[in-house]
Amino acid sequence: MDRRSFLRASTVGAGAAAAASTLAAPAYAQGNRTLTMVTSWPRGFAVLDDAASYLETMVAEMSGGSLTIDKKAPGELVGALEVFDAVSSGQADMYHSADYYFIGQHPGYAYFTAVPFGGTAQEVSNWYYHGGGEELHDELGQIFNLKGLLAGNSGSQSGGWFRNEINSADDFNGLKFRMPGLGGKVLGKLGASVQNIPGGELYQALSSGALDGLEWVGPMADERAGFQEVAKVYYTAGFHEPGSALASSVNLDVWNELSDQHKAILRYASMATTQYQLAETLANNGAALARLQAQGVKTLQFSDDVWDAFGKASAEVMDENMGDELFAKIRESFEASLANSAAWINKSDGYYVQQRIRVLGG
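What this report covers is the structure whose coordinates are included nearby. Every value quoted in this text rests on a predicted model; they were computed, and no experiment measured them. (Residues numbered from 1 in each chain as written. Predicted model: local features only at pLDDT ≥ 70, side-chain atom pairs only at ≥ 80, totals over all residues. Heavy atoms only, no water.)

Digging into the overall build of the protein
Step number 1: Within the protein, the regular secondary structure consists of 13 helices and 13 strands.
Step number 2: Over its C-alpha trace the protein gives a radius of gyration of 22 Å, about what one expects of a compact globule, namely 21 Å for 362 residues.
Step number 3: In terms of principal-axis extent, the alpha carbons of the protein reach across some 75 × 45 × 45 Å.
Step number 4: Looking at the protein as a whole, 51% of its 362 residues qualify as buried.
Step number 5: As presented, the protein carries roughly 15,700 Å² of accessible surface, and 52% of it is formed by carbon and sulfur atoms. (Helix = DSSP H or I, 4+ residues; strand = E, 2+ residues; numbered from the N terminus. Rg over C-alpha atoms; globule rule 2.2 N^0.38 Å. Buried < 20%, exposed > 50% of the residue type's maximum accessible area, 1.4 Å probe, protein only. Areas by Shrake-Rupley, 256 points an atom, 1.4 Å probe, with all protein chains shown as cover.)

Some points on the side chain of His 106
Step number 1: With respect to the element layout, His 106 can be found in the loop between strand 3 (94-96) and helix 4 (121-130).
Step number 2: Overall, His 106 belongs to the buried group, its relative accessible area being 7%.
Step number 3: Polar side-chain contacts of His 106 include one of 3.0 Å to the side chain of Asp 324.
Step number 4: When neighbours within four sequence positions are excluded, His 106 is seen to be in contact with Leu 140, Phe 144, Asp 324, Leu 326 and Phe 327. (Polar contact = N/O pair within 3.5 Å; in protein donor to acceptor, adjacent residues only side chain to side chain. Contact = heavy atoms within 4.5 Å.)

Overview of unusual backbone geometry
Step number 1: Phi at Val 47 is positive, roughly 70 degrees, even though this residue is not glycine.
Step number 2: Mapped onto the elements of the fold, Val 47 is located in the loop between strand 1 (33-39) and helix 2 (48-63).
Step number 3: Taking relative accessible area as the criterion, Val 47 reaches 1% and is therefore assigned buried.
Step number 4: Even without being glycine, Phe 117 reaches a positive phi, approximately 55 degrees.
Step number 5: With respect to the helices and strands, the residue Phe 117 is situated in the loop between strand 3 and helix 4.
Step number 6: You can call Phe 117 partly exposed: its relative accessible area is 42%.

So, the side chain of Ser 154
Step number 1: Within the secondary structure layout, Ser 154 lies in the loop between strand 5 (150-153) and strand 6 (160-162).
Step number 2: When its relative accessible area of 2% is taken as the criterion, Ser 154 is described as buried.
Step number 3: Separated by 2.8 Å, the side chains of Ser 154 and Gln 157 make a polar contact.
Step number 4: Excluding residues within four positions of it along the chain, Ser 154 makes contact with Val 47, Val 217, Ser 244, Gln 277, Leu 278 and Thr 281.

Section: the pattern of salt bridges
Step number 1: The full count for this structure, using the stated rule, is 15 salt bridges.
Step number 2: Here Asp 70 makes a salt bridge to Lys 72, at a shortest N to O gap of 3.4 Å.
Step number 3: Asp 70 gets classed as partly exposed once you look at its relative accessible area, which sits at 33%.
Step number 4: With its nearest N and O atoms 2.9 Å apart, the salt bridge here joins Arg 331 to Asp 319. (Salt bridge = Lys/Arg side-chain N within 4 Å of Asp/Glu carboxyl O.)

Overview of the nonpolar core
Step number 1: If you look at the biggest cluster of nonpolar residues, it comprises 100 residues, and the most contacted ones within it are Phe 172, Trp 216 and Leu 266.
Step number 2: Not counting the four nearest positions on each side in its chain, Trp 216 is found in contact with Trp 41, Phe 45, Leu 48, Tyr 101, Gln 157, Arg 178, Gly 199, Leu 202, Ala 221, Asp 222 and Phe 227. (Core = buried A, V, L, I, M, F, W, Y, C linked by side-chain atoms within 4.5 Å.)

Focus: the environment of Ser 248
Step number 1: Its place among the elements puts Ser 248 in the loop between strand 11 (245-247) and strand 12 (250-251).
Step number 2: Each C-alpha atom of the pair Ser 248 and Leu 206 lies 29 Å from the other, and the pair is 42 residues apart in sequence.
Step number 3: Not counting residues within four places of it along the chain, the set of residues in contact with Ser 248 comprises Leu 55, Met 94, Tyr 95, His 96, Leu 149, Leu 150, Ala 151 and Ser 270.
Step number 4: At 3.0 Å, the side chain of Ser 248 forms a polar contact with the side chain of Ser 270.

Describing a nonpolar patch on the surface
Step number 1: A cluster of nonpolar side chains, contributed by Tyr 352, Val 353 and Ile 357, occupies part of the molecular surface with about 270 Å² of accessible area.
Step number 2: Considering the arrangement of structural elements, one finds Tyr 352 in helix 13 (residues 349-360). (Patch = residues over 30% accessible without salt bridge, like charges linked within 9 Å, V, L, I, M, F, W, Y side chains within 5 Å.)

So, the packing of aromatic side chains
Step number 1: The full count for this structure, using the stated rule, is 31 aromatic pairs.
Step number 2: Ring geometry for Phe 117 against Phe 239: centres 6.1 Å apart, planes inclined by 35 degrees, an arrangement best described as tilted. Of this pair, Phe 117 sits in the loop between strand 3 and helix 4 while Phe 239 is found in the loop between strand 10 (233-235) and strand 11, placing the two residues 122 residues apart along the sequence.
Step number 3: Phe 239 sits in the buried class, given a relative accessible area of 3%.
Step number 4: Here the aromatic residues Phe 117, Phe 162, Phe 172, Phe 177, Tyr 235, Phe 239, Phe 302, Trp 307 and Phe 310 are joined through ring pairs into a cluster of three or more.
Step number 5: Sitting above the plane of the Trp 255 ring, Lys 147 keeps its charged end 5.4 Å from the centroid. (Phe/Tyr/Trp six-rings, centres within 6.5 Å; stacked < 30°, edge-to-face > 60°. Lys NZ or Arg CZ within 6 Å of the ring centre and 35° of its normal.)

Re the pairing of strand 2 (residues 67-72)
Step number 1: Of the two faces of strand 2, only the one carrying Leu 67, Ile 69 and Lys 71 is buried; Thr 68, Asp 70 and Lys 72 on the other face are not.
Step number 2: Relative to strand 2, strand 1 runs parallel, the two being bridged by six bridges. Within the sheet, the bridge partner assigned to Met 37 lies in strand 2 and is Lys 71.
Step number 3: Crossover connection from strand 1 via helix 2 to parallel strand 2: handedness right-handed. (Pairing = 2+ DSSP bridges. Right-handed = clockwise from strand over helix to strand, strands pointing away.)

Section: the sheet that holds strand 7 (residues 176-178)
Step number 1: Overall, mixed pairing links the six strands, which are arranged 8-7-9-6-10-13 in an open sheet. The strands lining the two open edges of the sheet, one partner per strand, are strand 8 (193-195) and strand 13 (298-300).
Step number 2: With three bridges joining them, strand 6 and strand 10 adopt antiparallel strand pairing. The residue of strand 10 that forms the bridge with Trp 161 is Tyr 234.

Structure representation (structure tokens):
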């Protein structure tokens, strides 16, 4: 008997026993459910575990305790990058992670975290909820027995930490650098030796010299990780993750067993987590950046010729995946939504911010 059949059988048996006695029925038989959620984040990790913890709390509060999440850090059940397979196979009920870790399963998963020169956090939400993205997440998830949900967005992520300044695209040649997703493949085209190392192992890798540089999230998360202790060159804008979503995807069999109410709670708690985490990050990045600078961190921007190299390599990477029909479908949908968003944002918010800086400074 498999694990899910065993659980169902146990539930039926418990319900029958309760009906035959005056004892209260077990929690599951009363309609309560606990979902085991494996995550890619060590406990206490700024921004990322914050989002997972907020989701855990929101689900319990919204359901009145009838639906709860048992959050597992890496190593407590599976490793940080093993969560996709664990949930797909039914070893765990759901995961909280970044879907671009799983482009080896399908390159389309990159779009549900971030792609090079992709959307800002707002543009990703526009596409996901009003441009067909959520339905495409589900279409992709059905291949792997998953129900896709987004739960978090860290906003624009920094260009990364380096031991030395990047004066030209040639400086990436031979550089041992951590960058996941399709962005990592872009740096690979520039000659970097790209590695996808879990967040909990990055400080040691950078301090030991196993890495020459890395990107993580942004000032708030990076400061708490301590990267400023072992590297002093920080590029504050990057091409690779302009609005990085996180996923809280559920095993599809588990999802189908849930009541409509519990499905709605998971969906809306995930949406609330996205808004909460984005606000948390943007509210704290400025002060964290000032503290990093006070510790001797040099903040820089890549030159235009480096950005041009990023753009050329990005186009090559994206085009290489166009032979996959579903990837092409996701890309077409995403880029159409971006074009629609940008047509208004450029003439409204974008222009307003330019004028605000011109008139008021700052």
